[in-house]
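# Observations on chain architecture
Listed here are the chains, written in short residue letters.
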Amino acid sequence: MSRIVIIGASAAGHTLAAKLREANKDNSITLITEESYLAYDRRMLLDFVFGLIKEKELYLCDKDYYRDNNINFLSPVKVTGLNPQKKIVYCRDNEKSVNFNYDILIICSGRRFILPQIEGARKPGVFNLNSLDDYKELAPYLIGDTVCLAGNNKFSWDMARALAVRKKEVKLIAVAENPIPQPLEGIEVINSQITEVIGESQAQAIRLKEGKLIGVAAVIFAEELKSNAEFVKGAGLDISSDYILVDNRMQTNIPDVYACGQIARYKDSINEEKSWNGIIQEAQSLAETLLTS
Ligand SMILES: Cc1cc2nc3c(=O)[nH]c(=O)nc-3n(C[C@H](O)[C@H](O)[C@H](O)COP(=O)(O)OP(=O)(O)OC[C@H]3O[C@@H](n4cnc5c(N)ncnc54)[C@H](O)[C@@H]3O)c2cc1C
């Protein structure tokens, strides 16, 4: 029997755990997430925040699934470090430290938008929208009229459209390297950069680099992504452009340590775009690889 530890319970981690368990009842499977929720579909978060679906429709499984399938689901538990020589994963569970020994470790901890280092970026009303908790926090701010979004990528365009359809006044602040696909009806695109978020107790306005002020109810930053890989520091994993590098079996440079999903890239295709469905397929094929090796 192998002890399999999976870090991250989303598209990659949940799929792997489910697929590994479906094919083999003997292995011990531990699935760790720092969030307080069952695995959920991040693609549906916009529908959830606008009340089109209920929270339970976001979930990829029901609350008994992990128990019924003998998957040790740990939530909310944060992984803080790794020792690949001793094959130990270090975690924080509330205030307690807990460690897990593994035979096979799979890192599926994904990537997140980060807030810029500008004045006011930590004020209430400023969001980077990575998790279900972030969307729950955003909801009350959407009562206001004007939402400012910084970013020029599929996420910011989709978010801008979803807000505009709901009659919000949307200002999309974009450095126009990529052409913005049309139509972005009802959305004011401003080719600039936010240099400050202004407000007493919460965000009330943004300052653009030209000095212009714009009043806002909420500010969303979707500009820069970073891997959730703080815990691999010092573990000796090959990293490039912030991604964990894997070979064609999704194994890292360290034996028995694999990576899958948004955080992992093949050495020769670092810039590859990965979709939710692509990640599900990738996790399924990694499960097959592990089951046959
Ligand atoms: C609002 C929104 C809409 C999207 N829409 C689409 C879409 O329409 N189509 C599409 O293809 N993609 C979409 N995406 C992107 C897609 O959701 C991601 O590509 C996908 O979720 C990546 O899956 P993943 O399993 O690699 O990582 P993630 O989904 O990022 O999950 C990472 C997991 O790791 C856990 N974790 C991270 N760090 C730690 C730690 N230190 N300790 C413990 N646990 C940790 C997290 O809790 C989480 O469970 C969207 C994303 C968002 C946020």
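Small disclaimer: the values here were computed from a predicted structure and weren't measured. (Residues numbered from 1 in each chain as written. Predicted model: local features only at pLDDT ≥ 70, side-chain atom pairs only at ≥ 80, totals over all residues.)

### What to know about the overall build of the protein chain
- Looking only at helices and strands, one finds six helices and 21 strands in the protein chain.
- For the protein chain, the C-alpha radius of gyration of 20 Å lies close to 19 Å, the compact-globule estimate for 293 residues.
- A principal-axis box enclosing the C-alpha atoms of the protein chain has dimensions of 60 × 40 × 40 Å.
- For the protein chain, with 293 residues in total, the buried portion stands at 35%.
- Counting only contacts in the protein chain whose residues sit at least 6 apart along the sequence, the fraction spanning at least 24 positions is 56%. (Helix = DSSP H or I, 4+ residues; strand = E, 2+ residues; numbered from the N terminus. Rg over C-alpha atoms; globule rule 2.2 N^0.38 Å. Buried ≥ 20, exposed ≤ 12 C-beta atoms within 10 Å, placed from the backbone. Contact = placed C-beta atoms within 7 Å.)

### Focus: the domain arrangement of the protein chain
- When the domains of the protein chain are assigned, the result is domain 1 (3–110 + 228–292) and domain 2 (113–224).
- The distance between the C-alpha centroids of domain 1 and domain 2 comes to 30 Å.
- In this assembly, nine residues from domain 1 lie in contact with nine residues from domain 2.
- Residue composition of the side of domain 1 that touches domain 2, grouped by class: eight nonpolar, no polar and one charged. (Domains from an automatic or database assignment. Nonpolar A, V, L, I, M, F, W, Y, C, P; charged D, E, K, R; others polar.)

### Describing the pairing of strand E19 (residues 243–246)
- In terms of strand pairing, strand E18 (residues 239–240) meets E19 through two bridges, oriented antiparallel. Along E19, the bridge assignment pairs serine 240 with tyrosine 243. (Pairing = 2+ DSSP bridges.)

### Points about the sheet that holds E19
- In spatial order, the strands read E18-E19-E21; together these three strands make up an open sheet with mixed pairing. The open sheet has two edge strands with one neighbour each: E18 and strand E21 (264–266).

### With respect to the site of the ligand
- Lining the immediate surroundings of the ligand are 28 residues, of which Gly8, Ser10, Gly110, Gly261 and Ser275 lie closest.
- Secondary-structure elements contributing two or more residues to the shell around the ligand are helix H1 (11–23), helix H2 (45–49), strand E4 (78–83) and helix H6 (276–292).
- Sorting elements by how many residues they give to the shell around the ligand places H1 first, with three residues.
- In the shell around the ligand, the residues fall into 12 nonpolar, 10 polar and six charged. (Near = placed C-beta within 6 Å.)

### With respect to helix H5 (residues 154–165)
- Across its 12 residues, H5 extends 16 Å between first and last C-alpha, which sits within 8% of the 16 Å expected from 1.5 Å per residue.
- If you check which residues of H5 are buried, you get Ser156, Trp157, Met159, Ala160 and Leu163. Projection of H5 onto a plane perpendicular to its axis shows the buried side chains occupying an angular sector of 165°, all on one side.
- Looking at the packing, one finds that the buried side of H5 touches H2, strand E10 (146–150), strand E11 (169–173), strand E12 (187–190) and strand E16 (218–221). (Expected span 1.5 Å × (residues − 1). Arc of directions from axis to C-beta.)

### Looking at the packing of H1 against H6
- At a minimum axis distance of 8 Å, the contact between H1 and H6 shows a crossing angle of 35°. Classified by chirality, the crossing of H6 by H1 is right-handed. From H1, Ala11, Ala12, Thr15, Leu16, Lys19, Leu20 and Ala23 reach across to H6, where they touch Trp276, Ile279, Ile280, Ala283, Gln284, Leu286, Ala287, Leu290 and Leu291. (Axes fitted to C-alpha atoms, helices over the stretch in contact; angles between N-to-C directions. Left-handed = near helix turned anticlockwise from the far one by under 90°.)

### Remarks on the nonpolar core
- Counting 50 residues, the largest nonpolar core has Ile6, Leu16, Leu31, Ile106, Ala259 and Cys260 as the members making the most contacts within it.
- Sort the elements by how many residues they give to this core and H1 lands first, with six residues.
- Setting aside residues no more than four positions away along its own chain, leucine 31 makes contact with Ile6, Ala9, Gly13, Ala17, Tyr66, Ile71, Asn72, Phe73 and Leu74. (Core = buried A, V, L, I, M, F, W, Y, C linked by C-beta atoms within 7 Å.)

### A word on the sheet that holds E11
- The parallel open sheet is built from five strands, whose spatial order is E9-E16-E10-E11-E12. Only two strands of the sheet have a single neighbouring strand rather than two, namely strand E9 (126–127) and E12.
- With five bridges connecting them, E10 and E11 associate as parallel partners. Within E11, the residue paired with alanine 150 across the bridge is isoleucine 173.
- Contacting E10, E11, E12 and E16, H5 runs over the sheet at an angle of about 165° to E11.

### Topic: unusual backbone geometry
- Cis geometry is adopted by the peptide bond preceding proline 76, which originates at serine 75 and carries an omega value of -5°.
- In this structure, proline 76 sits in the loop between strand E3 (71–74) and E4.
- At lysine 87, a position not held by glycine, the phi torsion is positive, near 55°.
- Following the sequence through the fold, lysine 87 ends up in the loop between E4 and strand E5 (88–93).

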